[in-house]
Amino acid sequence: MERKTLDQREEMSDLERLRHSCAHVMAAAIAKLWPDAQFADGPAVDNGFYYDVELSHRITPEDFPKIEAEMKAITKANAPFERVIVSRAEALKLGETGHLGALADRSVPSKFKLDLLKDIPEGEDISCYRSGDFLDLCAGPHVMRTGNIRAFKLTTVASAYYKGDEKNPQLQRIYGTAFPNKTELDAYFAMLEEAKKRDHRKIGAEMGLYVMDTEYTGPGLPLWLPKGAAICEQLEKLAKETEFAGGYVLVKTPHVAKEKMYKTSGHLPYYAESMFPPMEVKEAGEGTETADRYYLKAMNCPHHHRIFAAEQRSYRDLPLRLAEYGCCYRYEQSGELFGLMRVRSLNMNDSHIYCTPEQFAAEFNAVNEMYLKYFKIFGLEKYQMRFSTSAPEGMGKKYVDEPELWKQTEDMVRHVLKDSGINYIEVPNEAAFYGPKIDVQVWSAIGREFTIATNQVDFAVPKRFGLTYRDKDNTDKTPLCIHRAPLGTHERFIGFLIEHYAGNFPLWLAPEQVRVLTIGEDAAVVEFARGILNELRAAMVRADADYGTDKINGKIQRAEQAKVHTMLVVGPRDVAAGAVSVRVHGKGNQGVKPRAEVIANILQAIRERCP
């Protein structure tokens, strides 16, 4: 984990301070139980904290109760967290005597703390925090006393290389979480239990949405089954309708490109480890043979830049909004693959908007308005924009070395966000290499947080490709480019939606929207039901029928288990009345209604994408 700056530490939230303090309490408890423990890092992280430790004893979840018992004793003692400023020489002595990350001097040095001491810049204060007998090298901040930590629980144990480098020792990483009170702690674990039930991998398999065929297709390369493909198609249809109304034009690009493409864009060599290895392709020419290296497309933007460059552009042509549901390939590490959330093939709702500086605010705001429209459609009430900016120390290394352009574009984005009143937070030193970006955080129906989309400003790569437009003053200028993907990728967004809806999709998005169920074996009933099915399918409704001879309760149960949104039950009395009995998944019987009215209501709900 990258070391936080002092400014970043001061900006830690109250909850982060609480969790960071709890990490110290956990370390003190482990040090009391196993005095040979050698501690490395112990930060607060999303949803909790962890501490990395080297220890002869292999910690398992069976050890958690006794560690937690020691933690409770430490919090009950209510010792203060005391900040102690020491000289580098004093810190070295404490480390050499084994006292850092320990309860007292030991016969062996605190080796990881001595190494971390080297990372503290010359001239920066070196601080330790003491809580009871436990002393740790730490810049803080912390809560006032151990007694402020009232509700905590250890969660998992894993392995991690020291400083994330496989050349370094492998440590035990003990995770836990903490909240201000037990009510919030219990609510968090209740949410986790509900999340297990909504796991997109479990529901995806039960509903037959996709499979991962690792033996033949390969890991991280989902195969969409018919029901899953139906969801993909509906999301793509939504995007295309929205983008067409917003003045976007559709383009298509190939799945491979020459190495030169990605070297020009700047993705190579810096992004090479996230791309599939190149393919050597020999091309026959006039009496000669040349070899080129081709890469699977990892991102659409360089291809769209070449489309912009294909014609001479004028300021009158801008803004130019190029959209594509393009398939990209990224070589995620096998240990990072996770269902649909982390995959190697991604169908991306991508677009690149080329505009003048004067047009930027309106275009960037229009993208944000598109996000808000989608949030309403999918019933997302809690969201936040993470505005990621650059940092001076990263110029020329992590970021394109254009300090003035960074300031200009960051100010532009900041003004748009403030003027539009959109809920956002600003996060330094997390921008894309070519410009500031916004990551869109949303919370599902059970309060689980996801990053689903991005909106980025690019002032660097268009220049690399020599993209220009002829301005009003008859000079050539480089356009700004906005990269945006409101629906992210099919894979991640559908994984999110499965968990958000628990598989109970709204009618317009449901894989099987309607199933017609017959009562009895009467030929007139089957014929009436078949007429309803044909009418629905003629209107492009994803409908099916169950004409089986078994009891209606069994048919309803099967449809409920398959999460069919609407069931239309037809019996002899319905045929005589020209009506159907309507059931909605999870809501039960909705009553008997005229056939024409039912079909009209279904078509309207699909057309309007009702939640």
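If you're wondering where the values come from, they're calculated on a predicted model, not measured in any experiment.

A. Molecular detail of the pairing of strand S16 (residues 345-355). S16 sits mainly inside the fold: 10 of its 11 residues count as buried. Pairing analysis gives 10 bridges linking strand S15 (residues 320-329) to S16, with the strands arranged antiparallel. The residue of S16 that forms the bridge with tyrosine 329 is serine 345. One ladder, built from five bridges, connects S16 with strand S23 (residues 480-485); its direction is antiparallel. In the sheet register, histidine 352 faces S23, and the bridge partner there is histidine 483.

B. Geometry of the packing of helix H15 (residues 523-538) against helix H18 (residues 595-607). H18 packs onto H15 with a crossing angle of 30° between their chain directions and a minimal axis gap of 11 Å. Comparing the axis directions of H15 and H18 gives the class roughly parallel. Handedness of the H15/H18 crossing: right-handed. Taking contact as the criterion, the partners of Phe528, Gly531, Ile532, Glu535 and Leu536 in H15 are, on H18, Arg595, Ile599 and Ile602.

C. View of unusual backbone geometry. Of the consecutive residues glycine 140 and proline 141, the connecting peptide bond is found in the cis state with omega at -5°. Relative to the helices and strands, proline 141 is located in the loop between strand S6 (134-137) and strand S7 (151-161). Cis peptide bonds are those with omega within 30 degrees of zero, and the linkage from leucine 318 to proline 319 qualifies with 0°. Tracing the sequence through the fold places proline 319 in the loop between helix H10 (301-309) and S15. Of note, asparagine 474 is a non-glycine position whose phi angle comes to about 70°, a positive value. Note on placement: asparagine 474 falls in the loop between strand S21 (469-470) and strand S22 (476-477). Judged by its relative accessible area of 54%, asparagine 474 falls in the exposed class. Despite not being glycine, arginine 609 shows a phi value in the positive range, around 50°. Summarising the element assignment, arginine 609 is placed in the segment after H18.

D. Local environment of the sheet that holds strand S4 (residues 81-86). Ordered by their spatial adjacency, three strands build an open sheet running S4-S5-S6, and the pairing between neighbours is antiparallel. Looking along the sheet, the strands with just one partner apiece sit at the ends: S4 and S6. The sheet shows a mean angle of 25° between the axes of neighbouring strands, taken without regard to direction. Looking at chain direction, strand S5 (residues 126-131) and S6 are connected through four bridges and run antiparallel. Across the sheet, cysteine 128 pairs through a bridge with leucine 137, a residue of S6. Docked against the sheet, helix H2 (residues 14-33) engages S4, S5 and S6, running at close to 125° with respect to S6.

E. Fine view of the packing of aromatic side chains. Applying the stated criterion to the full structure yields 22 aromatic pairs. Ring centres 6.0 Å apart and planes at 40° place the aromatic pair phenylalanine 493 and phenylalanine 496 in the tilted group. Placement of both phenylalanine 493 and phenylalanine 496 in helix H14 (residues 490-501) is noted, with a separation of three residues, approximately one turn of the helix. The residues phenylalanine 493 and phenylalanine 496 share a single accessibility class, namely buried. A cation over a ring is seen here: arginine 19 above phenylalanine 179, with NZ or CZ 4.7 Å from the ring centre. Directly above the aromatic system of phenylalanine 308 lies the positively charged group of arginine 313, at a separation of 5.2 Å from the ring centroid.

Rules used throughout
- Going along each chain's sequence as written, the residues are numbered from 1 onward.
- Only residues with pLDDT of at least 70 are given local features in this predicted model, and only at 80 or more are side-chain atom pairs given and counted; all residues enter the totals for whole chains, interfaces and linings.
- Calculation of side-chain values draws on the structure's entire complement of heavy atoms; hydrogens and water are dropped beforehand.
- Three exposure classes are used, based on accessible area relative to the maximum for each residue type with a 1.4 Å probe and protein chains only: buried under 20%, partly exposed in between, and exposed over 50%.
- Helix and strand assignments come from DSSP, with helices taken as H or I runs of at least 4 residues and strands as E runs of at least 2, each series counted from the N terminus.
- A pair of strands is labelled paired if DSSP reports no fewer than 2 bridges between them.
- Lines are fitted to the C-alpha atoms to define the axes, a helix being fitted only along its stretch in contact, and any angle between axes, read from their N-to-C directions, falls within 0 to 180 degrees.
- Here is the rule for angles: anything less than 35 degrees is roughly parallel, anything more than 145 is roughly antiparallel, 65 through 115 is roughly perpendicular, and the remaining ranges are oblique.
- In a left-handed crossing the near helix is turned counterclockwise from the far helix by less than a right angle, and in a right-handed crossing that turn is clockwise.
- Any two residues having at least one pair of non-hydrogen atoms within 4.5 Å are treated as being in contact.
- Only the six-membered ring of Trp is used, alongside the rings of Phe and Tyr, when aromatic pairs are assigned; centres must lie within 6.5 Å, and planes under 30 degrees apart are stacked while those over 60 apart are edge-to-face, with the rest tilted.
- Any Lys NZ or Arg CZ found within 6 Å of a ring centre and within 35 degrees of that ring's normal is scored as a charge over the ring.

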